[in-house]
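# Chain and residue survey
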Amino acid sequence: MTEIRVAAAPDAPPLAATRTAPPFSVTRMPGFGLVAVASFAVLYLPIITLVIFSFNASTSMSSWGGLSLDWYRAAWRNEVVQEATVRSLILATSAAVISTTVATLAALGTTRQGRFPGRTAIYAMVNQPLMVPEIVTAVSLLIVFGFVRSLTGYQGLGYLILAHSAFCVPFAYLPIRARLEGMDRTLELAAADLYASPVQAFRRITLPLLAPGIMAGAMLAFVVSLDDVVITEFVKSAGQDTLATYMLGQFRRTLTPEVNAISTALLGFTLVLLTGFFLITRKRARDPR
């Protein structure tokens, strides 16, 4: 049998020296830095302007009149703002607790039971408020609650709590489900091998590991409820303004930098929540006990 050999070209580089193309990186694209700076400017310049003008001594929303805390004092002494703040906190806390509880149970049912008929339909139903326009949800709740009001005569805060809880379920469900899907089931199976009951395994193994996801879902639900305007505006009864609807009403009437002060206070409160959540989750990551 004749052996055929193919000689390499004399000027060809050795195989080991062949260069490979660098991996694609979006940061190397032309104009990436400019687009990034412009995006951050569009996102954060209005917020920075809002914070600065909350300390404006002038009644104007566009001209600077010097540094002052008068609008913070005015908001603090405003009884309507005080009532709206307390109502918003009660509503957001109740909605966060209820929606997080329901979302945790739904996440456990869709991730710890294996595949079963209707699983995809349940997932779609849980996330329905995210897929349907909020105005549609608000109008439908207005119709249903209006019928209930006519039958029972009840005009309390329960309608808002129920509406916010239902709307916040998917916001709490997504981080909890993501946490469950990323958890290693070895410890849970080991607990079952050591004759732990399902309740004991959940209380001692699953729940501590799931705690960061539950906290993230609860915080997200709290912020969404605190910020909601559309559903609140449609469902609330007379005298049930939240901070969000109060500020919307101020835009329809006389607009003063007091709205800037309230918005800055809400921003600061949200940043405190985010910082606290970050510190707690980092501590749990370092010390899982």
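Here the residue numbers are simple positions, counted from 1 along each chain's written sequence. Local features are withheld for residues below a pLDDT of 70 in this predicted model, meaning they are given only at 70 or higher, and side-chain atom pairs are given and counted only at 80 or more; totals for whole chains, interfaces and linings count all residues. The side-chain figures draw on all heavy atoms in the structure; neither hydrogens nor water molecules are used.

## Structural notes on the nonpolar core
- Here, nonpolar core means buried Ala, Val, Leu, Ile, Met, Phe, Trp, Tyr and Cys residues that are tied together by side-chain atoms lying within 4.5 Å of each other. Residue burial is assigned from relative accessible area. The probe radius is 1.4 Å, only protein chains are included, and a residue is buried under 20% of its type maximum, exposed over 50%, and partly exposed in between. Formed by 31 residues in total, the largest nonpolar core has its most connected members in Ile231 and Val235.
- Here a strand is any run of E in DSSP of at least two residues, a helix any run of H or I of at least four, and the numbering for each starts at the N terminus. Secondary structure elements with two or more residues in this core: helix H3 (79-111), helix H6 (134-152), helix H7 (158-182), helix H9 (198-227) and helix H10 (230-235).
- Here this core gets eleven residues from one element, more than from any other, and that element is H7.
- Here, residues are in contact when the closest pair of their heavy atoms is within 4.5 Å. Dropping the residues within four chain positions of it, Ile231 is found in contact with Glu134, Thr137, Ala138, Leu141, Ala163, His164 and Phe167.
- In this structure, Val81, Ala84, Tyr246 and Ile262 belong to the second largest nonpolar core, which totals eight residues.

## Structural notes on the layout of surface pockets
- Of the voids in this model, the largest pocket is the one considered here, and its volume is about 380 Å³.
- Along the wall of the largest pocket there are 15 residues; nearest its centre are Trp76, Val81, Thr85, Leu243 and Ala265.
- If you list the elements that add at least two residues to the lining of the largest pocket, you get helix H2 (70-77), H3 and helix H12 (258-286).
- In the lining of the largest pocket, the residues fall into twelve nonpolar, three polar and no charged. Lining residues are those with an atom within 4 Å of a point, where the points come from a 1 Å grid over the protein atoms alone and group into cavities, where a 1.4 Å probe fits but cannot get out, or pockets, open sets with protein on both sides within 12 Å along at least five of seven lines. Grid points are joined across faces, edges and corners, and a volume is the space filled by probe spheres set on the points. Each residue receives one of three labels: charged for Asp, Glu, Lys and Arg, nonpolar for Ala, Val, Leu, Ile, Met, Phe, Trp, Tyr, Cys and Pro, and polar for the others, Gly being one of them.

## Concerning the environment of Leu220
- Topologically, Leu220 is positioned in helix H9.
- Taking the C-alpha atoms as reference points, Leu220 and Leu274, separated by 54 residues in sequence, lie 9.7 Å from one another.

From the geometry alone we can't say anything about function, so treat these as descriptive.
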